[in-house]
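Inside the fold
The lines below spell out each chain.
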Amino acid sequence: MAESWLDFERPIIELERKIEELKSLDENGALKEEISKLENKASKLREDVYKNLNRWQKVQLARHLKRPYISDYIELMFDNFVELHGDRNFGDDLAIIAGIAKLDGKSVVIVGHEKGRNTKEKIRRNFGMPHPEGYRKALRVMQLAAKFKKPILTFVDTPGAYPGVGAEERGQSEAIARNLREISMLPVPIVVSITGEGGSGGALAIAIGDKILMQEHSIYSVISPEGCASILWRDSSKAPEAAEALKLTAQDLMGFGVIDEIVSEPAGGAHRDSKDAAERLKRAILNSLNELTTLPKEELVRKRIEKFLKMGVYENR
Amino acid sequence: MFWFKKKKTYGLEPQQKKELPDGVWLKCERCGDILYRKELERNLWVCGKCGYHFRIGCKKYIEILSDDGKFEELDGELSSKDPMNFPQYVQKLKNSQKKTGLKEGVLIGDATIGGHKVVFALTDFGFIGGSMGSVVGEKVTRAIQRAKQEKVPLVILTASGGGARMQEGILSLMQMAKTSAHLAELAKAGIPYITILTHPTMAGVMASFASLGDIIIAEPGALLGFTGPRVIQQTIGEELPDGFQRSEFLLKHGMVDIIAERKNLRKTLVSVLDFFEEKK
Ligand SMILES: [Zn+2]
């Protein structure tokens, strides 16, 4: 069976499997001591590995093939989801899922990237890399939310906007720029969750909001580590060094004041227990929404624009 | 306006020459024709044979576009830090400052164009590819705020092949959001915004303030787009169509309003400003 565990996960997974095996053999409790020893060992190993992850390991976790995607979160967090298709202009971009749903009984609008789980799905979803029509669909549905005063929840997980001829012909830049301008003025609460890979402008185009949440093992960057490495050192295999230079983890971004909250993940990452991951994320989203719905809409927009105004580091001399 | 400390007026300054090739005779980068420098200068650095528009840097554009070549610079003291501790960044900044005579990749200031008071901002490709880091984002934002406060049109000329500046990481990406959000406020206030796209304007700059003009003017043959052509070619593994991502390609696909040759740029801009601000 082809498995998609990362190198640094494997020793933990193997130990966990051994424990499971012993448990199944242990009919009369004779192995109890041995099992508990191994369990201690496993928990210590988990702690060691995950406390000291370097940035490249974080990148790998953020891109983990088992990591929950928006379609998983829709299933685990929301009720009555109805998907809405198309940009009313050119087509329907499956790299972005948009729709309406209930979150704890309240109507919300959802927009997010979908990478696709298996090969066939990945191709259908274009690996979560949108064309302009994807961003235009996102904006259309967000404007629908604004018209009917429903909060917007976005889920960000993309390698980036698709680099292709059609994408350029149809105005990839214009679509992204327009989203940045228009979303900043929408008079409804917007909660953004970075759940995996925040790939540059292709991520930002649906990541303008009042609260920016970021899962513990997700990343967000101006350029991919591979792209950065090939510009800096003309060698994309130096991506691990580039990841360090780019400072792209949730913890880094919290330090730069770019995000508002880090949402914890279950031990080992969201993919080890997607139900638990969804619950934690849902709680954080609900807290943000509760806070935001008390604000008058003018203040909401003013605060949103101010929030971005503050971003940046420079000096006056 | 507490931030308008230093005011500088650019006239015909000799330091500009540094950005352009030296020598009496020059070779056209496109057609290979040998050109006489004086002639090329008279022709605003456009090849007389093939129409190739040489890159000229932001100060030359000020001379060409604004009345009497005058420009009252604002916020010229803003300079970059190295928030990411990024490899080679400090050195890169120093080299760019030396090469261009600019402190950062954008100039903002007050100018008069065809009798119209405007706020004018220009990015410069010579400064780390005209890329947008914190300073460029902040200065463009201040230019937007000033146009809104003074109720005068905003004109931004771009030469930003570098997009969002990698060396300032996520902070550069956020400048796209910052500038675009402020353009939303400018639009709400009903202030005209005109962009002039020159070679090359790509990625994070093209996908934010450069694409948001009420009127978008491009110089002929400029490379304009989101992803660079080489990356696209590597991704799709096919030859790119002729003229891909050039101004004419964008015009054909509905992404720019006007293509104006450099010699007509000022005239075109003034016509547009005359439309917005009718003479009393
Ligand atoms: Zn020529």
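Residues numbered from 1 in each chain as written. Chains lettered and ligands numbered in written order. Predicted model: local features only at pLDDT ≥ 70, side-chain atom pairs only at ≥ 80, totals over all residues. Heavy atoms only, no water.

**Some details on the overall build of chain B**
The helix and strand inventory of chain B stands at 9 helices and 12 strands. Against the 2.2 N^0.38 benchmark of 19 Å for 280 residues, chain B shows a C-alpha radius of gyration of 18 Å, consistent with a compact globule. Taken along its principal axes, the extent of the C-alpha atoms in chain B is 50 × 50 × 40 Å. Classification of the 280 residues of chain B by burial places 58% in the buried group. Summarising the internal contacts of chain B: among those between residues at least 6 apart in sequence, 71% fall at separations of at least 24. Of the roughly 11,500 Å² of accessible surface on chain B, a fraction of 51% belongs to carbon and sulfur atoms. Where the 40 positive side-chain charges of chain B centre and where its 33 negative ones centre are 4 Å apart. (Helix = DSSP H or I, 4+ residues; strand = E, 2+ residues; numbered from the N terminus. Rg over C-alpha atoms; globule rule 2.2 N^0.38 Å. Buried < 20%, exposed > 50% of the residue type's maximum accessible area, 1.4 Å probe, protein only. Contact = heavy atoms within 4.5 Å. Areas by Shrake-Rupley, 256 points an atom, 1.4 Å probe, with all protein chains shown as cover. Lys, Arg positive; Asp, Glu negative; His and termini not counted. Charge placed at Lys NZ, Arg CZ, Asp CG, Glu CD.)

**Details of the domain arrangement of chain B**
Assigned domains within chain B: domain 1 (12-54) and domain 2 (56-278). One C-alpha centre belongs to domain 1 of chain B, the other to domain 2 of chain B, and the line joining them spans 22 Å. (Domains from an automatic or database assignment.)

**Observations regarding the environment of B:Leu251**
All names here are of chain B. For Leu251, the position within the fold is in helix α8 (residues 247-252). Look at Leu251 and you get partly exposed, because its relative accessible area is 38%. Along the sequence, Leu251 and Glu138 sit 113 residues apart, while their C-alpha atoms lie 30 Å from each other. Once residues within four sequence positions are removed from consideration, Leu251 is found in contact with Val256, Asp257, Ile258 and Ile259.

**Overview of the environment of A:Lys238**
Residue and element names in this part refer to chain A. In this structure, Lys238 sits in the loop between α10 (225-232) and α11 (239-246). Of the residues examined, Lys238 reaches a relative accessible area of 32% and is grouped as partly exposed. Each residue touching Lys238, except ones within four places of it in the same chain, is listed here: Ala229 and Trp233.

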